[in-house]
Every structure is written in structure tokens, then in C-alpha cells.
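Listed here are the chains, written in short residue letters.
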Amino acid sequence: MPSAFQVSLAPRQLSQTINPWSWTFGDISLFTVNLGQSAAPDVESRVLAEVGSYGRQIGRIGDALEVLLDWAQTQPGGPSKDDPAIKALRLQLEHVDVIKREQGA
């Protein structure tokens, strides 16, 4: 006896990866990530809105620190360029600069 004709209207495996962290609707998000408690959440909220994001604030601190390091290393008894902490910081600042250039920022 011949086999019956079979048609599949759906794939054999029905699965979908859902990333809830990307569910946003304009200015409304379904999820909020809170990484800790702030002693002054109203102040923190205003600083983020009026001064800049954490990334922007840290970026400006890094820029200023780089200027201070350049100056300090010209002073007698200043920190050595070979200091591991200074090398690590400068490498991190350079990495941020590369990312900014790649993103056109």
C-alpha cells in the first residue's frame, strides 16, 4: 500500500529566544535593572538627567586624569610610566578612545 501524502506547515522545532532586556516601547521599558540602592535617588536621577550618564561622567574624569598624569610625570619624583597601575589606566583610556573613534563619537 502506498504511503500517505504528508505536508508540514510548520517547522519541526518551534523555539524563539526572547531577550526581555530589549523590550522597550519608546520611553517606557518593561524591565528596570537596579544595581543597588542609592542614598539619594532623587539627586542621582537629576544628575543623570542634567549632568550626564555614568559613562559620560567617567569619561570626563578619565580625560582629566590623563592630563594630570601627563603633568605629574614631568615633575621630579612623579609617578613612573612603568607603574602597573598607570599602565593599566592608560591602556584602558586608549581602549575607550579606540571605541569612540570606531563609533564616530
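Parameters and conventions
- Residues numbered from 1 in each chain as written.
- Predicted model: local features only at pLDDT ≥ 70, side-chain atom pairs only at ≥ 80, totals over all residues.
- Heavy atoms only, no water.
- Helix = DSSP H or I, 4+ residues; strand = E, 2+ residues; numbered from the N terminus.
- Expected span 1.5 Å × (residues − 1).
- Buried < 20%, exposed > 50% of the residue type's maximum accessible area, 1.4 Å probe, protein only.
- Arc of directions from axis to C-beta.
- Contact = heavy atoms within 4.5 Å.
- Patch = residues over 30% accessible without salt bridge, like charges linked within 9 Å, V, L, I, M, F, W, Y side chains within 5 Å.
- Areas by Shrake-Rupley, 256 points an atom, 1.4 Å probe, with all protein chains shown as cover.
- Salt bridge = Lys/Arg side-chain N within 4 Å of Asp/Glu carboxyl O.
- Polar contact = N/O pair within 3.5 Å; in protein donor to acceptor, adjacent residues only side chain to side chain.

### A word on helix H2 (residues 54–72)
In a regular helix each residue adds 1.5 Å, so 19 residues correspond to 27 Å; H2 covers 26 Å between its end C-alpha atoms and thus fits that length. Residues of H2 that are buried: Gly62, Leu69 and Ala72. Taken down its axis, H2 places every buried residue within 85° of arc, on the same side. Seen from the open side of H2, the exposed residues pointing more than 90 degrees away from its buried face are Arg60, Val67, Leu68 and Trp71. Tucked inside the fold, the buried residues of H2 contact helix H3 (84–103).

### Structural notes on a nonpolar patch on the surface
A contiguous nonpolar surface patch, about 230 Å² in accessible area, is contributed by Val43, Val47 and Val51. Tracing the backbone shows Val51 in the loop between helix H1 (41–50) and H2.

### Re the side chain of Gln73
Here Gln73 shows up in the loop between H2 and H3. There is a polar contact of 3.2 Å between the side chain of Gln73 and the side chain of Arg90. Gln73 has contacts with Pro79, Ser80, Lys81, Ile86 and Arg90, leaving out every residue within four places of it along the chain.

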